Amino acid sequence: MNPYRVLARKRAGEELEEAEIRAVVAGCVDGSWSEGQLAAFLMASAIRGLSAAETRALTLAMLESGERWDLASEIPNLGDKHSTGGVGDKVSLVLAPLAAACGQPVVMLTGRGLGHTGGTADKLETVPGLDLGLDRERCLEVLSATGMAVGVATERVAPADRRLYALRDGTATVESISLITASILSKKLATGAAALVFDVKTGNGAFLTDPAEARALARSLVEIATALGRRASVLLTDMSQPLGRWVGHAAEVAETLACLGGEGPPDLMEVVFALCEELGRLAGRELPRAALEAAIADGSGRRKLEEWVAAQGGDAGRLEAASRELAPTVATVRAPRAGYLAEVATRRIGLLVAEAGGGRMGPGATIDPGVSLEYRSRLGRRLAAGEELARLYTREPRPRLVADLEGCFSLSEAPAPAPALVVERISG
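Here the structure is a predicted model, which means the values were calculated and not measured. (Residues numbered from 1 in each chain as written. Predicted model: local features only at pLDDT ≥ 70, side-chain atom pairs only at ≥ 80, totals over all residues. Heavy atoms only, no water.)

## Some thoughts on the environment of Arg 425
Following the sequence through the fold, Arg 425 ends up in strand β13 (residues 422-427). Distance from Arg 425 to Ala 218, taken between C-alpha atoms, is 9.2 Å for residues 207 residues apart in sequence. When residues no more than four places from it in sequence are discounted, the contact partners of Arg 425 are Val 234, Leu 235, Glu 278 and Arg 281. A polar atom in the side chain of Arg 425 sits 2.9 Å from the side chain of Glu 278. (Helix = DSSP H or I, 4+ residues; strand = E, 2+ residues; numbered from the N terminus. Contact = heavy atoms within 4.5 Å. Polar contact = N/O pair within 3.5 Å; in protein donor to acceptor, adjacent residues only side chain to side chain.)

Dropping the structure here:
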């Protein structure tokens, strides 16, 4: 099919036929469409928008561009959870072993962090020896042994997305709702879990800061996933401040261990429990909060994590030690006066941690797992003058970053209500 005709039609705002969208994806995979042509398609799609039918066709074509594992054919109640990412978001690390300990199998193909967000795969790679490379056979083997499997997408899973995502990052088309939907679902549907629960963040530290855009993405994910035969729902959750106490790869693994040991921060555990319960509802296996709390109290959630780490080649015996390796230089940010914590520049905090070495500012950049931030307050809390707001852990003194971090906290004279952690549920 002639790329010029397809591009001209989309540029004019016309709705593309399924065959035309499949031609774009086929050209992406076999190389017959140039990067310039693909970039033009992405830009026209971002500006003109894609209809629900176009988004469904794009998702399906990207899904069918690679392997389809269809894991639910062998594990009928298999569940999957995906987050749009945030600052201090280690929910997946806690949720998977906790659900598996309660008899709910979970599979996740996770991503890597970029910019202000931290990637689950990057956090897990702080565990010595852990192998996140999974194919279908290996995934089923680990699932059968432990009830959970977590890895990164191989080059054979949704290969069209790999090329298109790289172009989206360089063409300012990342925030298109339809393109985000197709990118996420082409990988999630490839594994073939029976039930999908999405954690779509909203607030100033979210990928989509506008609540209306976050809801639009939530509806798009649910509608397209349901149309393609999956049970799916979304919880909109707050990201107007870091989630939990820690931001940084090794520190977030340590906080995961604390959560599974019964010492998790209330805000983080509230989101974990809500998403676990929703996943169980979708998969047809009840996961009431009492059962989840029991799996923490009796140690089975922690043991499940260690069992899984060993099954995927990691050194479970070094899990605790590796998670405690914080960078040695500590700078403390304190409240300049008494008042109520009114606002936190959460995205900026994530970017500062990344700039200090604790994140990836560009593709291929290395991460220092010990660079971390400890968040020591909460929105709405009354603070005395000089009270600690945060601690930044770096390899060497970073006075400019500390000065920038001080500007991330705003105080007010009067208290303001803290935002709800679980904002809304959107279901198919």
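That covers the picture; the talk isn't over yet.
## Considerations on the pairing of strand β11 (residues 388-394)
The buried fraction of β11 is high, at 6 of 7 residues. With 6 bridges connecting them, strand β7 (residues 329-334) and β11 associate as antiparallel partners. Its bridge partner being in β11, Val 333 is matched across the sheet by Ala 390. Bridge count between strand β9 (residues 372-375) and β11: 4 bridges; the pairing is antiparallel. (Buried < 20%, exposed > 50% of the residue type's maximum accessible area, 1.4 Å probe, protein only. Pairing = 2+ DSSP bridges.)

## Describing the nonpolar core
By size, the foremost hydrophobic cluster in this structure holds 109 residues, and its most contacted members are Trp 308 and Phe 409. It is helix α12 (residues 266-283) that contributes the most residues to this core, 11 residues altogether. Dropping the residues within four chain positions of it, Trp 308 is found in contact with Leu 124, Leu 130, Leu 132, Val 142, Thr 146, Met 148, Ala 149 and Val 150. Listed in part, the 21 residues of the second largest apolar core include Cys 28, Leu 58, Met 62 and Ala 182. (Core = buried A, V, L, I, M, F, W, Y, C linked by side-chain atoms within 4.5 Å.)

## Quick look at the side chain of Thr 202
Mapped onto the elements, Thr 202 comes out in strand β4 (residues 195-202). Setting aside anything within four residues of it in sequence, one finds Thr 202 in contact with Leu 208, Thr 209, Pro 211, Ala 214, Thr 237, Asp 238, Met 239, Ser 240 and Val 423.

## A closer look at the sheet that holds β9
Pairing is antiparallel in the open sheet, where 4 strands are placed in the order β6-β9-β11-β7. Both edges of this open sheet fall to β6 (246-247) and β7, since each of them pairs with a single strand only. This element, helix α17 (residues 399-406), spans β7, β9 and β11 of the sheet and lies at about 25° to β7. (Axes fitted to C-alpha atoms, helices over the stretch in contact; angles between N-to-C directions.)

## Section: the packing of helix α9 (residues 177-191) against helix α10 (residues 211-227)
Direction vectors running N to C along α9 and α10 enclose 45°, while the axes themselves pass 9 Å from each other. By the angle class used here, α9 and α10 are oblique. Where α9 crosses over α10, the handedness of that crossing is right-handed. For the pair α9 and α10, contact is made by Ile 177, Ile 180, Thr 181, Ile 184 and Leu 185 and by Glu 213, Ala 216, Leu 217, Ser 220, Leu 221, Ile 224 and Ala 225, respectively. Within the contact of α9 with α10, the residues separate by chemical class into 9 nonpolar, 2 polar and 1 charged. (Parallel < 35°, antiparallel > 145°, perpendicular 65-115°, else oblique. Left-handed = near helix turned anticlockwise from the far one by under 90°. Nonpolar A, V, L, I, M, F, W, Y, C, P; charged D, E, K, R; others polar.)

## Here's the deal with unusual backbone geometry
In this structure, Asp 70 is a non-glycine residue whose phi angle is positive, near 50°. For Asp 70, the location among the structural elements is in the loop between α4 (52-63) and β1 (79-83). On the basis of relative accessibility, which here comes to 40%, the residue Asp 70 falls in the partly exposed class. Phi at Ala 158 takes a positive value of approximately 45°, unusual for a residue other than glycine. In this fold, Ala 158 is placed in the loop between β3 (148-152) and α8 (159-170).

## A word on the environment of Gly 386
Along the chain, Gly 386 turns up in the loop between β10 (382-383) and β11. Exposure remark for Gly 386: the relative accessible area of 30% places this residue in the partly exposed category. When the C-alpha atoms of Gly 386 and Ala 335 are compared, they prove to be 4.9 Å apart, with 51 residues separating the residues in sequence. Beyond its immediate chain neighbours, meaning those up to four positions away, Gly 386 contacts Arg 334 and Ala 335.

## Here's the deal with the sheet that holds strand β8 (residues 339-344)
An order of β10-β8-β12 is seen for the 3 strands of this open sheet, with the pairing classed as antiparallel. Edge positions in the open sheet fall to β10 and β12 (409-412), since each of these has one partner strand only. As defined by bridge partners, β8 adjoins β10 across 2 bridges and the pair is classed as antiparallel. Residue pairing in the sheet places Tyr 340 in a bridge with Arg 382 of β10.

## Regarding the pattern of salt bridges
Side chains that differ in sign of charge can pair as their charged atoms come close. Counting across every chain of the model gives 36 salt bridges. In this structure, the salt-bridge partner of Arg 136 is Glu 74, at a minimum N-O distance of 2.9 Å. With Arg 136 in helix α7 (residues 136-146) and Glu 74 in the loop between α4 and β1, this pair connects stretches of sequence that are 62 residues apart. Relative accessible area serves as the criterion here: at 26%, Arg 136 is assigned to the partly exposed category. Residue class for Glu 74 comes out partly exposed when judged on its relative accessible area of 48%. With a closest N to O distance of 4.0 Å, Glu 374 and Arg 391 form a salt bridge. Here the residue Glu 374 occupies a position in strand β9, and Arg 391 occupies one in strand β11, the gap between them amounting to 17 residues. Using a relative accessible area of 23% as the deciding quantity, one classes Arg 391 as partly exposed. Shared partners join several salt bridges into a network, and the residues in it are Arg 334, Glu 374, Arg 376, Glu 388 and Arg 391. (Salt bridge = Lys/Arg side-chain N within 4 Å of Asp/Glu carboxyl O.)

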